[in-house]
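This is what each chain is made of:
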Amino acid sequence: MNPGESVRLTAEGDYATMFARVRADWSLLEGESLGSLGSCTNAKICTFEAGQDGGTVIVQAEMDAFSATAMVTINAVSPFTDELPGWASEAILRLADLGIVQGYENGRFAAGDPVTRGQVVTLLFRLLGHTGLIEEPAPDTCDYTDLPQDHYAYLPVCAFRQHGWASTTTEFNPDDGASRGMTAAFVNRVFG
């Protein structure tokens, strides 16, 4: 379901030859902050109304000693103007919500674009920053001739150089493509 939408849930009992609606007490087991239930005490039907955030909610209907649960998934709202591929959209939206991935200035994420050396370093820097494993570098630790201070990868590259994870040459080439091998070697230096 999409944010702001509602869904009606029905409690049914299995009576061997047929299913019949039964009165139940409804509650949210998980995802209480993602939406709300209507007045659902001793009710056959209960309405769940989604809030504005994406995530998963588990609703329980309980009658006497019996209970059943239903999982409701609320789609996250994409901050990007282009369509995300289905196989990657959940991961992209979760990382975007955490501030680890961002789109281009024009609002697009462009999931099919190749990545650059600067983007790989920036992604890892944000990931480490989110987990509290890295801090912004000292201002004088970066002396790459091809990396101006207003470049998006300046702080990440400087932080990695300060830790000895980036090249000690005078050029970083942040806008060059990052091959799979180069990326694997870089990730190994950081996490290995």
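For the structure, see preceding data.
The rules we used
Residue numbers here run from 1 along each chain, matching the order of that chain's written sequence. Where totals are concerned, whole chains, interfaces and linings use all residues; where local detail is concerned, this predicted model gives features only for residues with pLDDT of at least 70, and gives and counts side-chain atom pairs only at 80 or more. Only hydrogens and water are removed before side-chain values are computed, so all heavy atoms of the structure are retained for them. When a carboxyl oxygen of Asp or Glu is within 4 Å of a side-chain nitrogen of Lys or Arg, the pair counts as a salt bridge. The secondary structure listing takes helices from DSSP runs of H or I that are at least 4 residues long and strands from runs of E that are at least 2 residues long, numbered from the N terminus. Only C-alpha atoms enter the line fits that serve as axes; for helices the fit covers just the stretch in contact. Angles between N-to-C directions range over 0 to 180 degrees. Comment on the angle field: the value is read as roughly parallel under 35 degrees, roughly antiparallel over 145, roughly perpendicular from 65 to 115, and oblique elsewhere. The contact definition used throughout considers only heavy atoms, calling two residues in contact when any of these lie within 4.5 Å. Under the scheme applied, nonpolar residues are Ala, Val, Leu, Ile, Met, Phe, Trp, Tyr, Cys and Pro; charged residues are Asp, Glu, Lys and Arg; polar residues are all the others, including Gly. Using a 1.4 Å probe on the protein chains alone, a residue whose accessible area is under 20% of its type maximum counts as buried, one over 50% counts as exposed, and one in between counts as partly exposed.

Colleague: For this particular structure, what's the right way to read the pattern of salt bridges?
Modeller: Here the idea is simple: oppositely charged side chains can pair when their charged atoms come close. The final tally for this structure, using the stated rule, is 1 salt bridge. In this structure, the salt-bridge partner of Arg161 is Asp143, at a minimum N-O distance of 3.3 Å. One end of the pair, Arg161, is in helix H3 (residues 154-162); the other, Asp143, is in the loop between helix H2 (117-130) and H3, and 18 residues separate them in sequence.

Colleague: When you look at the packing of H2 against H3 in this model, what are you seeing that I'm missing?
Modeller: Each pair of packed helices gets described by two things: the angle between the helix axes and the distance between those axes. Look at H2 against H3: their axes get within 9 Å of each other, and the N-to-C directions meet at 75°. As judged from the angle between their axes, H2 and H3 are roughly perpendicular. Here Val121, Thr122, Leu124, Phe125 and Leu128 of H2 lie close against H3, whose contacting residues are Leu155, Pro156, Val157, Ala159 and Phe160. Here the contact of H2 with H3 is built from residues that sort into 9 nonpolar, 1 polar and no charged.

Colleague: What's the story with H3 in this structure? I'm lost.
Modeller: Of all 9 residues in H3, 7 are buried; the element is thus mostly enclosed. Residues of H3 that are buried include every one of Tyr154, Pro156, Val157, Cys158, Ala159, Phe160 and Arg161, and no others. Looking at the buried residues of H3, the elements they touch are H2 and helix H4 (180-191). Where H3 terminates, the next one or two residues include Gly164, which has phi positive at roughly 80°.

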